Amino acid sequence: MIQRIDYDAAGLISGLEVHQQLLTKEKTFCRCPAGLYVDSHDGEVLRHMRPTLSELGEYDGTALMEFKTKKEIIYLLNKSNVCTYEMDDTPPFLVNQDAIDVAIELCLMMNMDIIDEVQIARKQYLDGSIPTGFQRTAIIGVNGCLPFKGRRLTVTHVSVEEDSCREVMNKGHQIVFRTDRLGMPLTETVTGADLRTPEEVRDAILLCGLVARSTRHVRTGIGAARQDVNVSVRGGSRVEIKGVAKAAYAVKLVHNEGIRQVNLLRLRDLMHERGITKSDDIRKTAVDVGDIFADADLGFLQKTLGASGKVYAVKIEGAAGLASHPTQPDTTFLDELSGRVRVIACLDEQPILLSSERLPDFANVHRYRDRVRKRLKVADRDDFFIVWGPEADCLTAAEEIRLRFVDAAGGVPKETRKSLPGGYTTFERILPGPDRMYPDTDSPPTRVVPERVERLRKQLAPPPWEREKQYSEWGVPLETVHYLIRRGGVETVEEVVQKTGVDGRTAAVEIGQRLKALKRAGIPVERLRTEQWVQIFDLYTDGRIPREGIRAVASVMAREPGLTADAARAAAGIELKDASEWRPEIEGISFDGYVVHKGDSAARRFRYIAGKATRMLRGRAPARDVVSFLQEKLGVRS
Amino acid sequence: MTTPKDRSDMFQGYRGPARAMLEKFTIGVWSEVEIKNDAGSVFTGVILPRNETCDDLHVVIKLFTGYNVGLAVDRILDAREVGYRKAVYKIPEKEFPYDPKKKNVTLLGTGGTIASRLDYRTGAVIPAFTPGELYGAVPELADIANLTTRKLFGVFSENLGPENYKALAAAIGEEVEKGTDGIVIGHGTDTMHHTGAILSFMVQNSPVPIVLVGSQRSSDRPSSDAALNLMNSVRSAAECDIAEVMICMFGPTSDKYDLLHRGTRCRKMHSSYRSTFRTIGDMPLAMVHTTVNEKGSHFEYISHDYLPRDKTRKPVINTAFEEKVTIQYYYPNFNSDIIDALADKGYKGIVIAGTGLGHVNRPIFPALRKAIENGMTIVMTVQTLWGFAQMYVYDTGRDLLELGVVPLDNMLPEAAYMKLCWVLGQTSDRETIRKMMLTPINHEITPREPHMGYLIMQGGLPEVDEFICKHWK
Ligand SMILES: [Zn+2]
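What you are looking at is a predicted structure, and each value in this text was computed from that prediction instead of being measured. (Residues numbered from 1 in each chain as written. Chains lettered and ligands numbered in written order. Predicted model: local features only at pLDDT ≥ 70, side-chain atom pairs only at ≥ 80, totals over all residues.)

> Teacher, can you tell me more about the overall build of chain B here?
Secondary structure summary: chain B contains 11 helices and 23 strands in total. Principal-axis analysis of the C-alpha atoms places the extent of chain B at approximately 80 × 60 × 55 Å. When the 473 residues of chain B are sorted by exposure, 50% land in the buried category. Long-range pairs, those at least 24 residues apart, make up 70% of the contacts in chain B between residues at least 6 apart in sequence. (Helix = DSSP H or I, 4+ residues; strand = E, 2+ residues; numbered from the N terminus. Buried ≥ 20, exposed ≤ 12 C-beta atoms within 10 Å, placed from the backbone. Contact = placed C-beta atoms within 7 Å.)

Here it is in structure tokens:
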């Protein structure tokens, strides 16, 4: 089993689809408030989804697959945040132009070509996550790029789309969704497959996040930005890893997917060596073996049989040993089989699927295995699997197991995989193709005139790379710049610098880094408006407060809204005195209370005495001046 | 591959500068193209037809990624055709299986959206119809009945008129004659209740169910109500015991069951909800489920007062129809000029949807008197939809009665309109008209209104909210 690969040798490539919620008052296609989440509901609707034809006349593969699962889909409604549009009982209203504006801003920041006439299309999703069965979506810009590690990361397109429901429960043939998030405006940013390592994927996600934040018109917080990562290796296929919540998670996910694909290609070669290359080469036999397992000491089988379910054995000819072929690290091909069975046949009773090689340890397990082998005439070159549940689902599962082996003979199937904790993924659905898209006949196109684009270009905030350059000239650490962009402090820093004449480094560090600490301490500093910051920095540049007083005044103002900076300064007891007034107080400062222990040193002793002095003079003398006075007095070199 | 010049439809919907651009680069609709614009962006995809209501400054491409974009033609620097692929939008057609043990149902097509495809020129939804297409789209139908289809016309429901009603009634007569076990009529929903009413008068004494069905979400959508409505309507035509003209549409907006409504007592009550059809002033006839109940039936009968299925019965078809009839919705400031104008134009009947118990204001009395004296029939219904016209309660009403206005009790305005057209198509004798209008043919007037015949629940009330939480919407 391999745990490491040389990404370059394996030909790993990756691209992103970044989904970012936009900060608008209303949803995309109705007038419901955006961003209002609830945990309760006051109505429920039950629906089913059927595949339909695309405009070019074919059923989409994913669509058909999802229909096989025949799910009962339940939507939870709350009148505070959904109307009859979300429940698909009212046609869409005209698309939210604020959302289009934000998307255009995002496009402009990424040097994109704005589409002249935006056309709304429908993208089918039969998983129930959208009650209409399709997501309304429209391309806003194409052909962009981002500066990335000294090269260009291409941005293929940016679209505006409506967000989907939140899944509450998914079991058997029933899936439950909450509709509050449904219809919120999102942008989808699609990059080229230009990324070559898991670390690059992580960094590109961070960059896309900074770009979005730089527009100032996107939502923040949990779930506001989500990314799908596309990965393939040479000879493999594009696999989409859905729902990567944090950039850091991408590293292991991409790595593991690379390994999975390399392993699946080896499995393909192994099957080809056995002469298995096409669908006809993979034959199955599915037989009801409920009688054999009637007295087996396995709880999940007894539960199924007790509920008049069935137990089926599925023989796959020529498949001996294949199920234990490695895929992701510490995972085998059996996991690929159980993923498909769980999703497509709706058999989700753990452990979902048993393989002949890995039957659980229960009384007389050998006897049961032999009986199944006899019943299905399982030869040494064959393998068998056990599934359980409603009969129709068992039969779907049997065929799905066969189909997964068929896919294996072709290498890596194109699919969407859900990310799990720990960097693993599990099957979600077959990767949909362009056939699932067709025009939205309910929505007229939106013409984007050049004047609108120019108006938005004029009010465009600086992109992150320009700020990075400016701030690094000020000597601000990169980490602080990124923090300020992500948390929305950059405008404040820039206005403070411009109005108070403070140096950029002090403003950025005090507002960015120090605030992080205050926030962690539970002080609501985010309440402070830019004007208040200007007042505080005015006090500093006027010499009324020392640098360490900035933080103290800010924290008072945050706790007590309504105070002016000067009142807060007074409340914090800060009143700078002339050195002649405070110097005498620390002339005779002593080492009383200093505890000598192992690490004793001159530097340590000085730190002790300096700390004691600054505490004594807090609010009356700048810490920096106190320290230099003591250094001079005690003859310590700075 | 054909050359673009051989294609007759290459500019569908394109005109002006957009068309000139297509001509310049010798490309057209369904061309697979590579287009470069002044920003250096390259778009590859298929040129789609243009909706004729859109401007002539853009060309629409379906990119190979599936998205559509509109490109300003004045920004296009270069375009070349790399292929040609005309869209064949077709529901997979499979032969509808025949099972001698199953009932035979005839589906009459009038248009509408029960099974459909998109038309790119207009953005409209076009019906798809043959049994093979229906089987391809809703294979479950084959488990219910044997299906034959007959396309009578393909018009949207707002365009249906007297000629269509007559053709429908005649076709029903023919299909009954051929021995069908039930009839389904695919119909757009907007005027389904009008058709339900007129067919109730034109086709009486039917031996088998006549079921109108449509969909509120077109069948080109995954969440469409079309498939369930179609299955339940075919089931009703094949097996339901009620041999009346009925409307079969969603009960709740959830995918749960359909309701069978009497053609004369039903109305579309929401512009877009799935559960838009409601029986007014009475209860629906039955619920239809796709699965069987404990008694082995797909039906829960709500009413027991109906005409039962009886294949020995002979239908009476009467397609009389007078077109010079109108509905006037009364409002304050309604001007008597309107009545005079209608009389001048030769109108023979007016259905008034009056206020309250069936009232109009006195200033229009002289116009009404004159019209009635000159032979016009004026009948009164209520714009409240629920409740009776009871014109003897107030002076205004009594005076209207005296003028000769005929109060139609609780007949719905649309049903009254259709009945008046039908009656006036047969007679101009005032007393006969009055008698025919007041003698119910199929519950268009009911003697009594049950208390649960009027239920408009008000959201926000604690008991209603509690009810809604416990039931599928
Ligand atoms: Zn809404």
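Moving on, there is more to tell.
> So what exactly am I meant to see when it comes to unusual backbone geometry here?
Following Gln350(A), the chain continues to Pro351(A) via a peptide bond in cis, the omega torsion being 0 degrees. Positive phi outside glycine occurs at Lys149(A), with the angle close to 50 degrees. Lys149(A) gets classed as exposed once you count the C-beta atoms within 10 Å, which come to 11. At His443(B), a residue that is not glycine, the phi angle is positive and equals roughly 65 degrees. Looking at the element boundaries, His443(B) is found in the loop between α10 (430–438) and α11 (462–470). On the neighbour-count criterion, His443(B) (23 C-beta atoms within 10 Å) is buried.

> Explain the interface of chain B and chain A to me, please; I cannot follow it from the model alone.
In many reports, interface size means the accessible area that the parts give up when they come together. Each partner contributes residues to the interface: chain B has 44 residues there, and chain A has 44 residues. Elements represented by at least two residues in the side of chain B that touches chain A include exactly β3 (58–63), β4 (68–72), β7 (116–119) and α11 of chain B. Here the residues of the side of chain B that touches chain A are counted per class, giving 20 nonpolar, 13 polar and 11 charged. As judged from the 2 bridges shared by strand β5 (residues 117–118) of chain A and β4(B), these two strands associate in the antiparallel manner. For Val118(A), the partnering residue across the bridge sits in β4(B) and is Val69(B). (Nonpolar A, V, L, I, M, F, W, Y, C, P; charged D, E, K, R; others polar. Pairing = 2+ DSSP bridges.)

> Whenever I open this one, the confidence of the model for chain B confuses me. Can you help?
All names here are of chain B. Averaged over all residues, the pLDDT of chain B is 91; the fraction at 70 or higher stands at 93%. Across residues 119–124, confidence stays below pLDDT 50; counting only partners more than four residues off in sequence or on other chains, it has 13 contacts. Of the two predicted TM-score estimates for the complex, the pTM is 0.90 and the ipTM is 0.92. (pLDDT = per-residue confidence, 0-100.)

> Would you take a moment to explain helix α1 (residues 16–24) of chain B for this structure?
Side chains three or four residues apart in an α-helix point the same way, a direct result of the helix having 3.6 residues per turn. Residues and elements named next belong to chain B. Within α1 the residues assigned to the buried category are Ala 18, Met 21 and Leu 22. Angular distribution of buried residues about the axis of α1 spans 100 degrees; they occupy a single face of the element. Those residues of α1 that are exposed and aimed more than 90 degrees away from the buried face are Gly 16, Ala 20 and Lys 24. For α1, the elements touching its buried residues are β3 and β5 (76–84). Two residues or fewer past α1, Thr 26 is found with a positive phi of approximately 50 degrees. (Arc of directions from axis to C-beta.)

> Explanation requested: the sheet that holds strand β15 (residues 310–316) of chain A in the structure shown.
Strands in a sheet are paired, the pairing made by backbone hydrogen bonds, and the direction either parallel or antiparallel. Residue and element names in this part refer to chain A. Strand order across the open sheet formed by 4 strands is β14-β15-β17-β16, with antiparallel pairing between neighbours. Either end of the sheet is taken by a strand with one partner, and the two such strands are β14 (284–288) and β16 (354–355). With 5 bridges connecting them, β14 and β15 associate as antiparallel partners. Residue Ala 286 lies in a different strand from β15, and its bridge partner there is Val 314. Strands in contact with helix α6 (residues 299–306) are β15 and β17 (383–389); relative to β17, the strand with the most contacts, it is inclined by about 50 degrees. (Axes fitted to C-alpha atoms, helices over the stretch in contact; angles between N-to-C directions.)

> Looking at this structure, how should I read the domain arrangement of chain B?
According to the domain assignment, chain B consists of domain 1 (4–84), domain 2 (104–317) and domain 3 (325–438). Each of domain 1 of chain B and domain 2 of chain B was reduced to a C-alpha centroid, and the two centroids are 42 Å apart. (Domains from an automatic or database assignment.)

> What is the right way to read helix α4 (residues 192–202) of chain B from this model?
Counting buried residues in α4(B) gives 11 out of 11 residues, a clear majority hidden from the surface. Residues of α4(B) that are buried include every one of Met192(B), His193(B), His194(B), Thr195(B), Gly196(B), Ala197(B), Ile198(B), Leu199(B), Ser200(B), Phe201(B) and Met202(B), and no others.

> How do you make sense of the packing of helix α3 (residues 162–177) of chain B against α4(B) when you look at a structure like this?
Between two packed helices, what matters for the description is the angle formed by their axes and the separation of those axes. Residues and elements named next belong to chain B. α4 packs onto α3 with a crossing angle of 50 degrees between their chain directions and a minimal axis gap of 10 Å. On the basis of their axis angle, the class for α3 and α4 is oblique. At the point where α3 passes α4, the crossing takes the right-handed sense. Contact with α3, carried on its side by Tyr 165, Leu 168 and Ala 169, involves Thr 195, Ile 198, Leu 199 and Met 202 of α4 and no other residues of that element. In terms of residue class, the contact of α3 with α4 is built from 6 nonpolar, 1 polar and no charged. (Parallel < 35°, antiparallel > 145°, perpendicular 65-115°, else oblique. Left-handed = near helix turned anticlockwise from the far one by under 90°.)

> Is there a simple way to think about the sheet that holds β4(B) in this case?
Pairing is antiparallel in the open sheet, where 7 strands are placed in the order β21(A)-β5(A)-β4(B)-β3(B)-β2(B)-β1(B)-β5(B). Both outer strands of the open sheet, β21 (446–447) of chain A together with β5 of chain B, are each paired with one neighbouring strand and no more.

> Sorry if this is basic, but what is going on with the domain arrangement of chain A here?
All names here are of chain A. For chain A, the assigned domains are domain 1 (7–272 + 435–439), domain 2 (278–409), domain 3 (462–571) and domain 4 (585–634). When each unit is reduced to the centre of its C-alpha atoms, the spacing between domain 1 and domain 2 is 34 Å. Across the boundary between the two partners, domain 1 contributes 14 residues, which contact 14 residues of domain 2. For the side of domain 1 that touches domain 2, the elements supplying multiple residues, two or more each, are α2 (61–69) and α5 (249–273). Looking at side-chain class alone, the side of domain 1 that touches domain 2 contains 5 nonpolar, 5 polar and 4 charged residues.

> What is the right way to read the environment of Ala167(B) from this model?
All names here are of chain B. Of note, Ala 167 is situated in helix α3. Given 15 C-beta atoms within 10 Å, Ala 167 falls into the partly exposed group. When the C-alpha positions of Ala 167 and Val 60 are compared, they lie 41 Å apart, and in sequence the two are 107 residues distant.

> Help me out: how do you make sense of the pairing of strand β11 (residues 185–191) of chain A in this one?
For a regular strand, side-chain orientation follows a simple rule: the groups alternate between the two sheet faces. All names here are of chain A. With 6 of its 7 residues buried, β11 lies for the most part within the structure. Inspection of the sheet shows strand β1 (residues 13–21) paired to β11 by 5 bridges, in the antiparallel sense. Among the inter-strand pairings, Gln 20 is bridged to a residue of β11, identified as Thr 187. Pairing of strand β8 (residues 151–162) with β11, which is carried by 7 bridges, proceeds in the antiparallel orientation. Opposite Glu 162, over in β11, you have Pro 185 as the bridge partner.

> For this particular structure, what's the right way to read the nonpolar core?
Among soluble globular proteins, nonpolar side chains are generally buried collectively. Counting residues in hydrophobic clusters, the biggest one holds 152 residues, and the most contacted among them are Ala103(A), Ile140(A), Val314(A), Val341(A), Val387(A) and Ile61(B). Not counting the four nearest positions on each side in its chain, Val314(A) is found in contact with Lys284(A), Ala286(A), Phe384(A), Phe385(A), Val387(A), Ala398(A) and Ile401(A). Counting 100 residues, the second largest nonpolar core, distinct from the first, contains Phe96(B), Ala286(B), Val382(B) and Met418(B). (Core = buried A, V, L, I, M, F, W, Y, C linked by C-beta atoms within 7 Å.)

> Would you mind showing me how to read the pairing of strand β1 (residues 31–37) of chain B here?
All names here are of chain B. Only one face of β1 is covered, namely the face carrying Ser 31, Val 33, Ile 35 and Asn 37; the face carrying Glu 32, Glu 34 and Lys 36 is uncovered. Strand direction decides the pairing type here: β1 and β5, joined by 7 bridges, are antiparallel. Looking at β5, one finds that Lys 36 is bridged to Asp 78. As paired elements, β1 and strand β2 (residues 42–47) share 5 bridges and run antiparallel to each other. Pairing of Val 33 across the sheet is with Gly 45, part of β2. The turn joining β1 and β2, which pair antiparallel and follow one another in sequence, is formed by 4 residues; a positive phi near 80 degrees is taken by Gly 40.

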